[in-house]
Amino acid sequence: MNLNEEVRNGYLITAETKKVWAVQIDLLKHLLDVCQRHKLKIWADGGTLLGTVREHGYIPWDDDIDMFILREDYEKLRELAPTEFKSPYFFQTGYTDKMYPRGHAQLRYQGTTAILPGDLGCKFDQSIFIDIFVYDTLPKDISVFTDRMVKAEVLRKVMNWGAFGKLSLRTPKETCMRLAARAILRLLGFKRVYSKFEKLYADIPGEKSDVTSCPAFSASQVFRIHRRLDWLKETILMPFEDLEIPVPNGYDEILTDQYGDYMTPVKAPTMHGSVIFDADRPYKEILKEIKAGKISTEKN
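What you see is a predicted model; the values in this text were computed from it and never measured. (Residues numbered from 1 in each chain as written. Predicted model: local features only at pLDDT ≥ 70, side-chain atom pairs only at ≥ 80, totals over all residues. Heavy atoms only, no water.)

Counted according to the given criterion, the structure contains zero disulfides. Left without a disulfide partner, Cys-214 is nearest to the cysteine sulfur of Cys-35, which lies 15 Å away. (Disulfide = S-S within 2.5 Å.)

A word on the side chain of Asp-125. With respect to the helices, strands and loops of the structure, Asp-125 is situated in the loop between strand S7 (113-115) and strand S8 (128-139). For Asp-125, which is buried and forms no salt bridge, the nearest opposite charge comes from Arg-108, at a distance of 4.2 Å. When near neighbours in sequence (up to four residues on either side) are disregarded, Asp-125 contacts Phe-90, Gln-92, Asp-97, Arg-108, Gln-110 and Tyr-283. (Helix = DSSP H or I, 4+ residues; strand = E, 2+ residues; numbered from the N terminus. Buried < 20%, exposed > 50% of the residue type's maximum accessible area, 1.4 Å probe, protein only. Lys, Arg positive; Asp, Glu negative; His and termini not counted. Salt bridge = Lys/Arg side-chain N within 4 Å of Asp/Glu carboxyl O. Contact = heavy atoms within 4.5 Å.)

Evaluated as defined, the whole model comprises 22 salt bridges. The partner of Lys-19 in a salt bridge is Asp-280, with the nearest N and O atoms 2.5 Å apart. Linking Lys-19 in helix H1 (residues 15-37) with Asp-280 in the loop between strand S13 (276-278) and helix H9 (283-291), this pair joins segments that are 261 residues apart in sequence. When the shortest N-O distance is used, the salt bridge between Lys-151 and Asp-147 registers 3.4 Å. Pair noted here: Lys-151 and Asp-147 are both in helix H4 (residues 143-163), with a separation of four residues, about one helical turn. Overlapping salt bridges bring together Arg-71, Glu-75, Arg-78, Asp-136 and Glu-198 as one network.

Here we take up a nonpolar patch on the surface. On the surface, Ile-184, Leu-187 and Leu-188 cluster together to form a nonpolar patch covering roughly 280 Å² of accessible area. With respect to the helices and strands, the residue Leu-187 is situated in helix H5 (residues 172-188). On the basis of relative accessible area, Leu-187 is assigned to the exposed category, the value being 71%. (Patch = residues over 30% accessible without salt bridge, like charges linked within 9 Å, V, L, I, M, F, W, Y side chains within 5 Å. Areas by Shrake-Rupley, 256 points an atom, 1.4 Å probe, with all protein chains shown as cover.)

See the structure below:
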């Protein structure tokens, strides 16, 4: 990748941003190599799918790479991770990184920094990452799913209250709930709670539909974003920066469903907010400087 500053669609992309993109593309290359060798299907998702189809690369104001994979292949990838992702690559889940509460995997490049605003104070790895979203096939009878969703979201709150930030004293009720969550995590162990959470979405009973969604990432995904299995029957390679990456045959249906008129660029903030990136230094070093007041989070 050319690391020089440039302007795309009237938007300035700095050399620093290019360095972050280069790390993410290295992560993507490694992920795609592993999936190809083991015959696992994985596709561009979200803003990366949109950027691939419309821009043949990053959306100029985007800050990450999103991929998605169906549950069966994800479980195979997770089993392969200890041997296929050695340092500096780190396959991050609630099983490999204590107190990582997110319902999707992230592949990180250790020795770098990507600190999300809400992750300050968290103990899990905060290196530059790409997202790997896991899609589950939903039951035909959605009522079968709702009871599990309620239970899963309780466990998600327990993990989030345990992982994110210091105890809040805003209300006695919130303080008690956070203390209770941390007591549960100490009693059962974080990995056990994470496993229970994930299995509620991974092992949904009942006759399956042809619709997949990503409820482990966000319960609202079930009602907002979905992928039909016939949209994923074939894989097409399309250019993304200096790579060719896999997109599903139903990319038009996916993008229309998610964005509407997706070929008209609309500048929007990323879902991550203002991230503190550093492609050259490890996040623990940056966190120390933030704590010492040498780096202001107000400017990011």
